[in-house]
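What follows is the residue order along each chain.
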Amino acid sequence: MASDPTVRPFLVDFPEEALDDMRRRISATRWPERETVTDDSQGVPLATMQELASYWGEKHDWRTAEAKLNELPQFITEIDGLDIHFVHATSQHDDALPLVVTHGWPGSIIEQLKIIEPLTNPTAHGGNASDAFHLVIPSLPGYGFSGKPTTTGWDPVRTARAWVVLMKRLGYDRFVAQGGDWGAAVTQAMGEQAAPELLGIHSNMAGTVPPDLNTAVQRGDPPPPGLSAEEHRAYEQLRSFFTKHVAYAQIMTTRPQTLYGLADSPIDLAAFMLDHGDGSGQPGLVQQIVEGHPPGANTLDDLLDNITLYWLTNTGISSARLYWENKGDFFNAKNISIPFAISAFPDELYQAPRSWAERAYLHNLIYYNELDRGGHFAAWEQPELFTSELRAAFRSLR
């Protein structure tokens, strides 16, 4: 499909009526009875959601988030027949390395806001000029301000090809890529496609699991004998994910259109997004943030900025379709031959062991680091740590 290569400036500007309607719907929520347990094993607790709703409807200020987004250079361009929205933040340093960073679900470009300045202006944030990046942060198809596909086919593989078109359209003939969650799937697909302009990739949710273990853990089998302590922990993290937390993905993988509540109720959208889960159990993390003592840099306003973006763009269902489109596996080792850097955070869906990473990418693993804090939304939760990881990961490719 022919596409218009024009790159058009973009500003966020939602009408006040849309915010008033959202607040009205929050206030009119019909609540269920509380859960019958004292933990979050049945999902996001009623008290947590009601406290979040009270703040969201009465105190959260979307206009502050909107102003932050509009301080950034945002653009839209058409690729393969679909409008793609992106932030393009360039560095003042001439030798900056171009980097495309891809978010996941239930995330957005808001996940990456805290890393833009440190990566583009490293000398003001404890780094050297040689650490600088030119940043391109796209919104996935069907997410945020990108277009919503009206036909099938926009899977991570197609998106990976589109990102190469985007980077070349912006004038970059050599660049690197990074991603977690769906961003990991897209970035690893870029790695498999190995466009000549792509120097290497980095992931904070890398696929490293050996084939036999990947099959066993998805069946719920107990850990096999012979695993090291790190491998045993990773296996148990994955087994917990597949037995206790994966339901959200299964419904989106099989019946995304059925989730009409995501388009009709802000509270349904928020609860579904917050129940996503990571290695430590996302509802518990949300409860800590709501109660005002987050384990990382995230605040309640951060969470609500992201959820409000989904609500105002009505992308609950269009974003869910990416699960339906996907035909790949998140966690298995991939057929990647270009340079690959991996950062393993402890509260990710699983903390990829060095042994699995080295076995999967014996000849092209250029960087591996096991972190002592941080989870699924690493750039959001631990922006300083994440920034340091990207600087180190790509240093040998400059």
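As shown above, the structure is provided for reference.
Below you will find a few notes about this structure. (Residues numbered from 1 in each chain as written. Predicted model: local features only at pLDDT ≥ 70, side-chain atom pairs only at ≥ 80, totals over all residues. Heavy atoms only, no water.)

Section: the overall build of the protein chain
Of regular secondary structure, the protein chain possesses 17 helices and nine strands. A compact globule built from 398 residues should have a C-alpha radius of gyration of about 21 Å, and the protein chain, at 20 Å, falls within 12% of that. Projecting the C-alpha coordinates of the protein chain onto the three principal axes gives extents of approximately 55 × 55 × 45 Å. Counted over contacts in the protein chain with a minimum sequence separation of 6, partners at least 24 positions apart contribute 78%. Approximately 16500 Å² of the protein chain is accessible, and the part contributed by carbon and sulfur atoms is 49%. (Helix = DSSP H or I, 4+ residues; strand = E, 2+ residues; numbered from the N terminus. Rg over C-alpha atoms; globule rule 2.2 N^0.38 Å. Contact = heavy atoms within 4.5 Å. Areas by Shrake-Rupley, 256 points an atom, 1.4 Å probe, with all protein chains shown as cover.)

What about the sheet that holds strand 8 (residues 340-344)?
The sheet built from nine strands is open, its strands ordered 1-2-3-5-4-6-7-8-9 with mixed pairing. Two strands lie at the open edges of the sheet, namely strand 1 (7-9) and strand 9 (365-370), each paired on one side alone. Recorded for the sheet is a direction-independent mean angle of 25° between the axes of neighbouring strands. Set on the sheet, helix 6 (residues 182-193) makes contact with strand 4 (97-102), strand 6 (175-179), strand 7 (198-203) and strand 8; between it and strand 7 the angle comes to about 150°. (Pairing = 2+ DSSP bridges. Axes fitted to C-alpha atoms, helices over the stretch in contact; angles between N-to-C directions.)

Observations concerning helix 14 (residues 316-325)
For helix 14, a buried count of eight out of ten residues is recorded, marking the element as mostly surrounded by other parts of the structure. Those residues of helix 14 that are buried lie in contact with helix 5 (156-169), helix 6, helix 9 (247-254), helix 10 (261-264), helix 11 (266-274) and helix 13 (300-313). (Buried < 20%, exposed > 50% of the residue type's maximum accessible area, 1.4 Å probe, protein only.)

Regarding the environment of G200
Mapped onto the secondary structure, G200 falls in strand 7. Remark: the alpha-carbon pair of G200 and F394, spanning 194 residues in sequence, is separated by 7.8 Å. Sequence-distant contacts of G200, that is, excluding residues within four places in its chain, are made with F175, V176, A177, I338, P339, F394 and L397.

Describing the pairing of strand 4
Burial runs high along strand 4: six of the six residues are buried. Looking at chain direction, strand 4 and strand 5 (residues 133-138) are connected through four bridges and run parallel. Looking at strand 5, one finds that L97 is bridged to F133. Between strand 4 and its parallel partner strand 5, the chain crosses via helix 4 (residues 113-120), and the hand of that crossover is right-handed. Sheet topology note: the strand 4/strand 6 ladder contains four bridges and is parallel. Pairing of V101 across the sheet is with Q178, part of strand 6. (Right-handed = clockwise from strand over helix to strand, strands pointing away.)

Looking at the pairing of strand 5
Burial of strand 5 is extensive: six of the six residues sit out of reach of the surface. The sheet contact formed by strand 3 (residues 82-89) and strand 5 spans four bridges and is antiparallel. Paired with F86 across the strands is P138, a residue of strand 5.

As for unusual backbone geometry
For residues that are not glycine, phi is negative in most cases, and the peptide bond is trans in most cases. Note the cis peptide between W105 and P106, where omega equals 5°. One can find P106 in the loop between strand 4 and helix 4. Although it is not a glycine, D181 sits at a positive phi angle of roughly 55°. In this fold, D181 is placed in the loop between strand 6 and helix 6. Look at A194: it is not a glycine, yet its phi comes out positive at around 55°. Mapped onto the secondary structure, A194 falls in the loop between helix 6 and strand 7. What makes A194 partly exposed here is its relative accessible area of 31%.

A few points about the packing of aromatic side chains
This model, assessed by the stated rule, comprises 21 aromatic pairs. Between the aromatic rings of F14 and W62, the centroid separation amounts to 6.1 Å while the plane-to-plane angle is 65°, which identifies the pairing as edge-to-face. Highlighted residues: F14 in the loop between strand 1 and helix 1 (16-27) and W62 in helix 3 (residues 62-70), separated in sequence by 48 residues. Among the residues examined, F14 registers a relative accessible area of 13% and is labelled buried. Accessibility expressed as a relative area gives 1% for W62, which makes it buried. A ring pair is formed by F330 and F331, whose centres lie 6.1 Å apart and whose planes are at 45°; its orientation type is tilted. (Phe/Tyr/Trp six-rings, centres within 6.5 Å; stacked < 30°, edge-to-face > 60°.)

Looking at the pattern of salt bridges
A full pass over the atoms with the stated rule returns 18 salt bridges. Across the pair R158 and D80 runs a salt bridge whose closest N-O atoms are separated by 2.7 Å. Residue R158 is found in helix 5, and its partner D80 is found in the loop between strand 2 (74-79) and strand 3; the two are separated by 78 residues along the sequence. On the accessibility criterion, R158 (17% relative accessible area) is buried. On the basis of relative accessible area, D80 is assigned to the partly exposed category, the value being 29%. In this structure, R359 and E231 form a salt bridge, with 3.9 Å as the shortest nitrogen-oxygen distance. Placement of the pair is R359 in helix 15 (residues 354-360) and E231 in helix 8 (residues 229-245), with a sequence separation of 128 residues. Within the structure, one salt-bridge network assembled from shared partners comprises E16, D20, R23, R63 and E66. (Salt bridge = Lys/Arg side-chain N within 4 Å of Asp/Glu carboxyl O.)

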